[in-house]
Amino acid sequence: MAKLELQGVTKSFGDNIVCKGIDMTVGAGEMVCLIGASGSGKSTLLRCMNLLDPVDDGVILLDGVDISVPGLDPQPVRQRIGIVFQSFNLFPHMNAAENVMLAPRRVHGTARDALLPDVTALFDRFGLVDRMDHYPDQLSGGQQQRVAIVRALAMKPEIMLFDEITSALDPELVGEVLDVLRQLRAEGMTMVLATHEMGFARELADKVCFLDKGRILEEGPPDQFFTNPKEERTRAFLARVL
Amino acid sequence: MAELPKTHAAAARPLTRRQAYEAQVRRRSVTIAGLSTAAVILFLVVLIPQAPGWAAVKKSFFNPDIFAKTFPGLLEAFLLDMAIFAWSAPLIFILGLVIALCRDARSPALYPVRLFGILYTDIFRGIPVILVIYLVGFGVPGLGLPRPYNSPFIWGTVALVLTYAAYVAEVFRSGIESIHQSQRSASSSLGLSHADTMRYVILPQAVRRVVPANMNLFIALQKDVALLSFIGPVEIFRQAGVYKSLLANFTPYVGAALIFLAITIPATRYADYLLQKQSRARS
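These lines cover the structure that appears in this document, whether it is placed above or below. All of these numbers come straight from a predicted model, not from anything done at the bench. (Residues numbered from 1 in each chain as written. Chains lettered and ligands numbered in written order. Predicted model: local features only at pLDDT ≥ 70, side-chain atom pairs only at ≥ 80, totals over all residues. Heavy atoms only, no water.)

1. Re the environment of Phe-124 of chain B
All names here are of chain B. Our working rule: The helix count covers DSSP runs of H or I at least four residues long, the strand count covers runs of E at least two residues long, and both are numbered beginning at the N terminus. For each residue, the accessible area found with a 1.4 Å probe, counting protein chains only, is set against the maximum for its type, and the residue is called buried under 20%, exposed over 50%, and partly exposed in between. Every residue pair with non-hydrogen atoms within 4.5 Å of one another is taken to be in contact.
Structurally, the position occupied by Phe-124 is in helix α5 (residues 111-126). With a relative accessible area of 16%, Phe-124 lands in the buried category. Measuring from C-alpha to C-alpha, the distance between Phe-124 and Ala-165 comes to 8.5 Å, with 41 residues separating the pair along the chain. When sequence neighbours within four positions are dropped, the list of residues in contact with Phe-124 reads Val-132, Leu-162, Thr-163, Ala-166 and Tyr-167.

2. Considering the nonpolar core
Put simply, the test is: Among buried residues, the Ala, Val, Leu, Ile, Met, Phe, Trp, Tyr and Cys ones that are joined through side-chain atoms within 4.5 Å form a nonpolar core.
In terms of nonpolar packing, the biggest core is built from 75 residues, with Leu-6, Met-24, Leu-45 and Met-49 of chain A together with Leu-160 of chain B touching the most fellow members. Sort the elements by how many residues they give to this core and helix α7 (residues 152-178) of chain B lands first, with eleven residues. Residue contacts for Leu-160 of chain B: discarding those within four places in its chain leaves Ile-84, Ile-92, Val-129, Ile-133, Leu-221, Asp-224, Val-225 and Leu-228 of chain B. In terms of nonpolar packing, the next biggest core, distinct from the first, is built from 50 residues, Phe-162, Leu-178, Val-180 and Phe-210 of chain A among them.

3. A few points about the packing of aromatic side chains
Rules: Only Phe, Tyr and Trp rings are paired, with Trp represented by its six-membered ring, and only when their centres lie within 6.5 Å; those with planes under 30 degrees apart are stacked, over 60 edge-to-face, the remainder tilted. Lysine and arginine charges are scored as sitting over a ring when NZ or CZ, respectively, is within 6 Å of the ring centre and within 35 degrees of the ring normal.
The tally for this structure, following the rule as stated, stands at 15 aromatic pairs over all chains. Ring centres of Tyr-134 of chain B and Phe-138 of chain B lie 5.2 Å apart, and the angle between their planes is 80°; this geometry places the pair in the edge-to-face category. Of the two residues, Tyr-134 of chain B and Phe-138 of chain B both sit in helix α6 (residues 129-139), four residues apart, roughly one turn of that helix. Here Tyr-134 of chain B falls in the partly exposed class, since its relative accessible area comes to 35%. Members of the aromatic cluster, each reached through a chain of ring pairs, are Phe-61, Phe-230, Phe-237, Phe-250 and Tyr-253 of chain B. Over the face of the ring belonging to Phe-91 of chain A we find Arg-151 of chain A, whose NZ or CZ atom lies 4.4 Å from the ring centre.

4. A short note on the interface of chain A and chain B
Here is the rule: Accessible-area loss on putting two parts together, using a 1.4 Å probe and summing over both, is the definition of buried area adopted here. Salt bridge criterion: a side-chain nitrogen from Lys or Arg within 4 Å of a carboxyl oxygen from Asp or Glu.
Taken residue by residue, the interface counts 22 residues in chain A and 19 residues in chain B. Buried surface at the junction of chain A and chain B, summed over both partners, amounts to about 1600 Å²; 60% is from carbon and sulfur atoms. The largest share of the area that chain A buries against chain B comes from Phe-91, His-93 and Arg-106 of chain A, three residues that together contribute 33% of it. Across the contact surface, chain A and chain B share one salt bridge. For Arg-106 of chain A, the salt bridge is made with Asp-196 of chain B, and the minimal N-O distance between the two is 3.3 Å.

So yeah, pure geometry; function would need other evidence.
Laid out in structure tokens, this is it:
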């Protein structure tokens, strides 16, 4: 059984149909990359998986259980599916450690002192242990994004979603964030990425999906996808970005 | 200013064309500003004493003897203004926050709460402060309450709190709405509830962001405390009135105005400074 499965997911904002019936499966421990032009529906699809935006039609199954039922309480689902945004969205009035500890403290009710060893270990794992008491505006873009990843991981999610998390970074800072993803991949985390980093997708993805105008136009293992795309539009897109 | 570059180590370096031009522009604007200010002051000093009633005005508004005699009494009366301000300000802050949160209530069961918030701000921003002071200050004690509870201090302060809380609530609401949607997204994506998102993520940022705007309201409150004199308490405005009747001279009012300015000018400058700092930080 797939870890996460989408069947005919449709989402529109007003007259603008952003996702037009998307089917997709993500196996446990897999890394799936969504690629496509801006406005092709990648971000919206990720926000739907995290229930930040409710789907208009279609079904999302997590471990075979429908999580897209209208009226379902989204909070327990969001604790199992973490998301990291392009613009980091750290809380500017809290230092890095407080950013990370807020959700476990409030949602699981764990005391700060009880959390500290785990959180420190998490910061240490991603080379950020000396940045724990820094505020977001004292951190570089790359460090902020790594803290945002640590913040999502602190809830011990089963799946991580990444929404173009390197797009807002200076080129020399992209590497340190991609290294974090590599590390998570090696640890067997199930991940879905919307990304423009084609080299990274090619190197590490289990599957690449090309979104075009709200549909998955083509999908497949990266070797086949990048060397021998079937669709004309995929070829045109790859010619522009590679 | 033109001397300044010579003090640097690279003393020999001449000014660039741009620097020379800007120094010239600066000298010219300083000269013009100085001349025009001097002209205006001269005009006022020469012209006002020419007015036919100047001697009388000087005697009844700017009388040094009366100023010296009444100033200590005015200062003492001003302590009452300070006291009323000091215990209404925190109440206004709290009530304003509660009203702002009422207006933000989203769930349908809480619709009455939201309606209350809307009506409250509409009504109390729509009535002149002095009217609220009269209605509450005379109306409530008129119910025949027992002794300490019919004091005009209490009900006058309540009137100020009711009115100013409406304005403060609107300021808080604008602060809450100014926090970017992505902060709410980030918070809910971590599994935090609406209430926790508001309490730990939105409010701390919103309250800080509207500090300068709220400071301006509290400066206005500081002055409006004088309105309570209409329902009884002998604060500075009323005390000045007493001196005026006693001495048949308006100088005590000028003294009272100076005392207010001594508080409000530094406070306004400080609020401006905070605002500037904030807009610099955001740009």
